[in-house]
Structure formats: structure tokens, C-alpha cells
Amino acid sequence: MKTFKETLAEKIEAWRPRTERLIKEYGDVEVDKVTIGKILGGMRGLKCLATDISYLDPNEGIRYRGYTLQEVFKKLPKPPGSEMPYVEGVFYLLVTGEMPNEKELEHVLDEFSKRRILPRYVYEVIDSFPCCSHPMSIFSTAILTMGRESFFVKKYHAGVSKKDYWESTYEDALNLLAKLPEIGAYIYAKLYRDGKRIHSNPDLDFGANFAHMMGKEKPYDDVSRMHFIIHSDHESGNVSAHTGHLVGSSLSDVYLSIASMVNGLAGPLHGLANQEVLRWLQQLMDRMGGKIPNEEEMKQFVWDTLNSGQVIPGYGHAVLRKTDPRYALQREFSLKHLKEDPLFKYVDMLYKVVPPILKEQGKAKNPWPNVDAQSGIIQWHYGITEYDFYTVLFGIGRAIGITANLIWDRALGYPLERPKSLTTEMLEEIAGIKKSDK
């Protein structure tokens, strides 16, 4: 039976001619139109990146290697007695494009397990941070510190062929991913549990071991699996994914690339949205005196909020035009496990009243909830009440997809990213604005 790496090597050899042909024979074919609005609007929606790992469909949500999230959760193997699939299985899918069978999964589980040991110096780096440090700063630095372990750097300096860059990148990716649960759980213990660490259990899978180190009982193992899988990739144009690609395109190693990704994710316009939703919901509960409002009361509150010029956090999406399937999966879990949770009752009521109101108001392109409308509430329910840590959880998941992308970027020889800039005066000339009009 072929190993994970051998399977990937075959896929790469079969794929390379496709990208080579596109560059050589079809390099001048136009794909999209660059407008001044896109240049000054953060390049939003500009089709200028390539990835086969995931695609964000406006109607179906994120697809991993062509599979909808519902299909991913249905088809991926699950640990015995668990509702959610193995996180290791989704990495196999993202890297190879195929659902793993039991034997293939066994091999990946073993690969992750034997690479999970964290070097002593990483604990020391984490311990060296002041107690009030932000967990994302610690997370990024811990990852950055491990750059000394990079196989890619050693191979590159030894003079390895460009076509073989992917192999050492693959090794770095697995080595880093296997250690992320330990890094995350240790940061949590340092900041919020007086340094009381719970040691890793080598017999547990990625999600279950993280739950164990966080000191959480079932079904938090399934919460972890679900959370990491739904956050593992989201195309390559969002800040965290694009940063990982961009830094990796300079042939920076996986550790440098993922630390950069984490820094992008830490911004309030990207990875902090779920905690903003949770904070808003708790403020709403306080305003309601802790009681569960009826639908009419909630409708009135939503209208009052909108009429005051504010938005309903957790609703709307730049691309999606239906309910985010990541929200739907979390909702299904919550209806089973959190039904009596007061915060979830608020979320449930908002789900029923907000979309019709936003449709009636007519300003929102997408009146449906996104992933952030639900994820923080689940973490809070299971006792992870420290808002600042939520982005670390996000980062552990997102690293899965970005490392898969980095492996394929190296395998297909994607070049250094170097777009060209224009001055404001040049844009004015293109727009036909005369100096006398300014």
C-alpha cells in the first residue's frame, strides 16, 4: 500500500503538465477585469489567484476539493462513538483531493502522532511572555521560533532541485500541524490556568487530544474536530490565506509563512469577528434583563438596532448568498447539545427573525448568518470563556488548509507574487480626470 507521501507524489506528477500547459499555451487568455474600484477597494472579488484546495461557492459555501461541507462531514471517517470526523482526515483530503480509506487514515494518524512532541525551547519561549500578553502574539512567536527545525531550509541550502521543494515543505507542514494542539493548549494553560499543563495523550487523535489538554470532557472532542475542520480553509483571497501564500511565494519556510498567517488572522477585521458577536449577544442579554425575549420583542430590537445605523453582527458575507454551511453545521450540533443554553436561545431566535427583516430593509446583499454568528457561543458553553483565545482556535484550523496550499504551491512551482502599483495621479489619468477638475 502506498504511503500518504507516495500518493501525493503521484498526484503532483500528474498535475504539473496541466499548469505548465496553461502557462505556455494560454498565458494571454483574460480571466478578469481590473477596475479602479477593485484597485482601491482592496482587490475585493478580483480573480487573480489559483488554488485547487478549496473554492467558495456563493450558493453552496466552501467546497473542499469539490466536496461541500455537508459531504465532507458525511464521508470522512470518524473516531468510534464520535459525531465529527478526524481532523487528520480532512488534511489528507485537502492535500490529495481524495477521501481517505481506513488504512490511509491510519497512516496519517500515525504521522501526526509521532511528530507531536514539542521541543523544550518552545515551552520556554511561551513561558517568557508576560502574563498579560495576547495569546495570538504568543502563538505566532511560538510558531516562528520553530523555524530552526525546518527541513525545507536545510534542503534548500544543500541545493535541492526546485521540483523537489514540495517534499521538505510537506515534512515541515506535518511537523508543524502535529504540534499546534500542544502549542495552543499550553498557551491557554499559561494565560488562564495558572500554568497548570495537562500532558498530551499519544493515543488520541488531533481533536480529542486537544480537548484532553484543555481539560474538557466529551463532547468537546467533537467541538474541536468540528471547529478545526470548518475553519481549515476558505479559498486563498482572505487575509490569513493570502498572507500565507504571499510569504510562502518568496520561498520562506512553512514556519515563517504560518506565523505570518496568524498575524493577519489576529486583525479585528478578520479573525476577531466571533468574539465580537459573542460580546454583542451578552450585551443584548443584559439589556433584556437575562430573560428570553419573544419573537416580537426580538424583532423590535433588531429594527431599533438597524434604524440607529448599526449592523447585526454575524449576519452577511462578502461572497455567500445563502446561510453559511459552517453556521448550519454548528447550529445542528447546538440544537442537539446546547438547546437549553440561554445564549443559544438568543442565537436561535435571531436566526428566525433577522433574515426576513434584513430582506425587508433591502440593504444587505446576504441576509443570512455566517460562521461567526455561532462559533463563539459554543466555545463559551463548554467553558472557554476567554475571548482572546478564540482566534488561536481559528488559527489552528486555518493552518491546515494553508499548509496544504503551500505544499502544492511548491509542487507546481508557483512564482514569487509581485503585482504592480500605480500612483493616484496615474489612476486619475486612466479615469480621464483632468488636473483642472481636481
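Provided above is the structure to which this section pertains.
Just so we're clear, the structure is a prediction, and the values are computed from it rather than from any experiment. (Residues numbered from 1 in each chain as written. Predicted model: local features only at pLDDT ≥ 70, side-chain atom pairs only at ≥ 80, totals over all residues. Heavy atoms only, no water.)

**Some words on the overall build of the protein**
Along the protein, the regular secondary structure elements total 20 helices and 3 strands. Taken against the 2.2 N^0.38 rule, which gives 22 Å for 438 residues, the C-alpha radius of gyration of the protein at 23 Å falls within 12% of a compact globule. Considered along the principal axes of its C-alpha atoms, the protein spans approximately 70 × 70 × 45 Å. Of all 438 residues assigned to the protein, the portion counted as buried reaches 52%. Restricting to contacts in the protein with at least 6 residues of sequence separation, those with at least 24 account for 75%. Split by element, the accessible area of the protein, about 20700 Å² in all, is 53% carbon and sulfur. Side chains of the protein give 56 positive and 58 negative charges; the mean places of these two sets differ by 2 Å. (Helix = DSSP H or I, 4+ residues; strand = E, 2+ residues; numbered from the N terminus. Rg over C-alpha atoms; globule rule 2.2 N^0.38 Å. Buried < 20%, exposed > 50% of the residue type's maximum accessible area, 1.4 Å probe, protein only. Contact = heavy atoms within 4.5 Å. Areas by Shrake-Rupley, 256 points an atom, 1.4 Å probe, with all protein chains shown as cover. Lys, Arg positive; Asp, Glu negative; His and termini not counted. Charge placed at Lys NZ, Arg CZ, Asp CG, Glu CD.)

**Some thoughts on a nonpolar patch on the surface**
A cluster of nonpolar side chains, Val 34, Ile 39, Leu 40, Leu 422, Met 426 and Ile 430, forms an exposed patch at the surface whose accessible area comes to about 580 Å². Secondary structure elements with two or more residues in the nonpolar patch: helix H2 (36–40) and helix H20 (424–431). Its place among the elements puts Leu 40 in helix H2. Overall, the relative accessible area of 65% leaves Leu 40 in the exposed class. (Patch = residues over 30% accessible without salt bridge, like charges linked within 9 Å, V, L, I, M, F, W, Y side chains within 5 Å. Salt bridge = Lys/Arg side-chain N within 4 Å of Asp/Glu carboxyl O.)

**Section: the pairing of strand S2 (residues 61–64)**
When strand S1 (residues 54–57) meets S2, the two strands line up antiparallel, connected through 4 bridges. Bridge assignment links Tyr 55 to a residue of S2, and that residue is Arg 63. The hairpin turn running from S1 into S2, its antiparallel successor, is 3 residues long. In this sheet, strand S3 (residues 67–68) lies alongside S2 in antiparallel orientation, the contact comprising 2 bridges. In the strand pairing of S3, Tyr 64 is matched with Tyr 67. From the end of S2 to the start of S3, which pair antiparallel, there are 2 residues, and Arg 65 there has a positive phi angle of about 50°. (Pairing = 2+ DSSP bridges.)

**Brief notes about the pattern of salt bridges**
For the structure on display, the rule yields 25 salt bridges. The shortest N-O distance in the salt bridge between Glu 98 and Lys 11 comes to 2.4 Å. You can see Glu 98 sitting in the loop between helix H4 (87–96) and helix H5 (102–114) and its partner Lys 11 sitting in helix H1 (residues 4–26), a full 87 residues away along the chain. For Lys 11, a relative accessible area of 23% gives the class partly exposed. Among the ionic pairs, Arg 225 bridges to Asp 222, the shortest N-O distance being 2.8 Å. You can see Arg 225 and its partner Asp 222 sitting in helix H11 (residues 220–230), 3 residues apart, about one turn around the helix. Residue Arg 225 is classed as buried on the basis of its relative accessible area of 1%. For Asp 222, a relative accessible area of 3% gives the class buried.

**Remarks on the nonpolar core**
Residues Phe 91, Phe 139 and Ile 258 are the most contacted members of the largest nonpolar core, which totals 116 residues. If one sorts the elements of this core by residue count, helix H9 (residues 165–192) sits on top with 14 residues. Dropping the residues within four chain positions of it, Phe 91 is found in contact with Phe 4, Phe 112, Leu 174, Leu 177, Ile 400, Thr 403, Ala 404 and Ile 407. (Core = buried A, V, L, I, M, F, W, Y, C linked by side-chain atoms within 4.5 Å.)

**Looking at the state of the cysteines**
All chains considered together, the criterion is met by 0 disulfides. Looking at Cys 132, it has no disulfide partner, and the nearest cysteine sulfur is the one in Cys 131, 5.1 Å off. (Disulfide = S-S within 2.5 Å.)

**Quick look at the layout of surface pockets**
Computed from the structure, the second largest pocket encloses a volume of approximately 360 Å³. Lining the second largest pocket are 23 residues, with Arg 116, Asn 201, Pro 202, Leu 204 and Asn 209 positioned closest to its centre. For the lining of the second largest pocket, the secondary structure elements donating two or more residues are H5, H9 and helix H10 (206–213). In terms of residue count, H9 provides more of the lining of the second largest pocket than any other element does, 4 residues in total. Residues belonging to the lining of the second largest pocket are distributed by class as follows: 12 nonpolar, 4 polar and 7 charged. (1 Å grid on protein atoms, 1.4 Å probe; cavity = no way out; pocket = protein on both sides within 12 Å on 5 of 7 lines; lining within 4 Å. Points joined across faces, edges and corners; volume = space filled by probe spheres on them. Nonpolar A, V, L, I, M, F, W, Y, C, P; charged D, E, K, R; others polar.)

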